[in-house]
Amino acid sequence: MITGWGWKNSFGAGSADPSRRDPASLTTEQTFQAPGRGNTVSVFQRILVAVDPSPARRSAVRLTGELAQLTNAEVRVIHVIASAASVAAVVPLEEDSEAQAVLDEALTALRDQGVKAEGTLVRGLTTQVAAAIAETAEEFAADLIVLSPHHRNSVEALFDPRVSDAVAHHTNTAILLAPEGKDEA
């Protein structure tokens, strides 16, 4: 729930609590109005969702689709085909066909929800994943980046930072972490 912000649709009807609004009644011209500021902020119109091979991607795609339906947003799906570098070689962590299947699944799910979506595959080392997501968001002029968090304890995160944390340090774009569904945890 967004607290302190009023919801106003194109017909001027407003509610202090956007969670009480019927999503079917929303139009593509909704705005959030900051109290006492007189200015409005457009709802997200260009959403980038980053997917990986983990089951958590499904909740990120589902949430992205729901947001895009509410605002008539365009969506770009990115999947980074990661490789790990060792002293002697660069080792791919995923086959090209597997990466394409992950991307295609996300695009199909979004299009089945009636969302305008396109996708892109990017190659990079595991240390470059966050930068690749941030660069793609900038190129797409994304208003929002949706990621699925991978839960690690503090010590693990120290040696292997979460992509979501790293993306936050690479961009000024808003980031939404999609909670894992019960079947994805």
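Residues numbered from 1 in each chain as written. Predicted model: local features only at pLDDT ≥ 70, side-chain atom pairs only at ≥ 80, totals over all residues. Heavy atoms only, no water.

A. Representation of the overall build of the protein. For the protein, the count of helices and strands is 5 helices and 10 strands. Counting over 185 residues, the protein shows a buried share of 38%. Surface summary for the protein: the accessible area is close to 10,600 Å², and the carbon and sulfur share equals 52%. (Helix = DSSP H or I, 4+ residues; strand = E, 2+ residues; numbered from the N terminus. Buried < 20%, exposed > 50% of the residue type's maximum accessible area, 1.4 Å probe, protein only. Areas by Shrake-Rupley, 256 points an atom, 1.4 Å probe, with all protein chains shown as cover.)

B. Expanded view of the side chain of Thr-71. Structurally, Thr-71 is set in helix H1 (residues 57-71). Relative accessible area serves as the criterion here: at 6%, Thr-71 is assigned to the buried category. In this structure the side chain of Thr-71 is engaged in a polar contact, spanning 3.1 Å, whose partner is the backbone oxygen of Leu-67. (Polar contact = N/O pair within 3.5 Å; in protein donor to acceptor, adjacent residues only side chain to side chain.)

C. The arrangement of the pattern of salt bridges in detail. Following the criterion strictly, the structure yields 6 salt bridges and no others. As a salt-bridge pair, Glu-105 and Arg-57 come within 2.8 Å of each other at their nearest N and O atoms. Of the two residues, Glu-105 is situated in helix H2 (residues 96-112) and Arg-57 in helix H1; the sequence distance between them amounts to 48 residues. Residue Glu-74 pairs with Lys-116 through a salt bridge whose shortest N-O separation is 3.9 Å. Note that Glu-74 is positioned in strand S6 (residues 74-85) and Lys-116 in the loop between H2 and strand S8 (117-125), a separation of 42 residues in sequence. (Salt bridge = Lys/Arg side-chain N within 4 Å of Asp/Glu carboxyl O.)

D. Fine view of the confidence of the model for the protein. Residues at a pLDDT of 70 or more form 69% of the protein, whose mean pLDDT is 77. Per-element confidence in the protein ranges from a low mean pLDDT of 39 for strand S1 (residues 6-8) to a high of 97 for H2. This stretch, residues 151-159, has a pLDDT under 50; its non-local contacts, to residues over four places away or in other chains, come to 7 contacts. (pLDDT = per-residue confidence, 0-100. Contact = heavy atoms within 4.5 Å.)

E. Quick look at the side chain of Thr-173. By the secondary structure assignment, Thr-173 is in the loop between helix H5 (163-170) and strand S10 (174-177). You can call Thr-173 buried: its relative accessible area is 18%. Sequence-distant contacts of Thr-173, defined by excluding residues within four places in its chain, comprise Ala-142, Asp-143, Leu-144 and Ile-145.

F. Structural context of H1. Over its 15 residues, H1 extends 21 Å from the first C-alpha to the last, a length consistent with the 21 Å expected when each residue adds 1.5 Å. Every buried residue of H1 is accounted for by Arg-57, Ser-59, Ala-60, Val-61, Thr-64, Gly-65, Ala-68 and Thr-71. Of the surrounding elements, those touching the buried residues of H1 are strand S5 (46-51), S6, H2 and strand S9 (144-147). Where H1 ends, the next residue or the one after it, Asn-72, has phi of about 60 degrees, a positive value. (Expected span 1.5 Å × (residues − 1).)

G. Local environment of the packing of aromatic side chains. By the definition in use, this model includes 0 aromatic pairs. Above the ring of Phe-140, the side-chain terminus of Arg-46 is found at 4.1 Å from the ring centroid. (Phe/Tyr/Trp six-rings, centres within 6.5 Å; stacked < 30°, edge-to-face > 60°. Lys NZ or Arg CZ within 6 Å of the ring centre and 35° of its normal.)

H. The pairing of S5, seen in detail. In terms of burial, S5 is largely enclosed, as 5 of its 6 residues are buried. In the sheet, S5 pairs with S6 via 6 bridges, with the strands oriented parallel. Residue pairing in the sheet places Leu-48 in a bridge with Arg-76 of S6. Across 3 bridges, S5 lies against S9 in parallel orientation. Its bridge partner being in S9, Ile-47 is matched across the sheet by Leu-144. (Pairing = 2+ DSSP bridges.)

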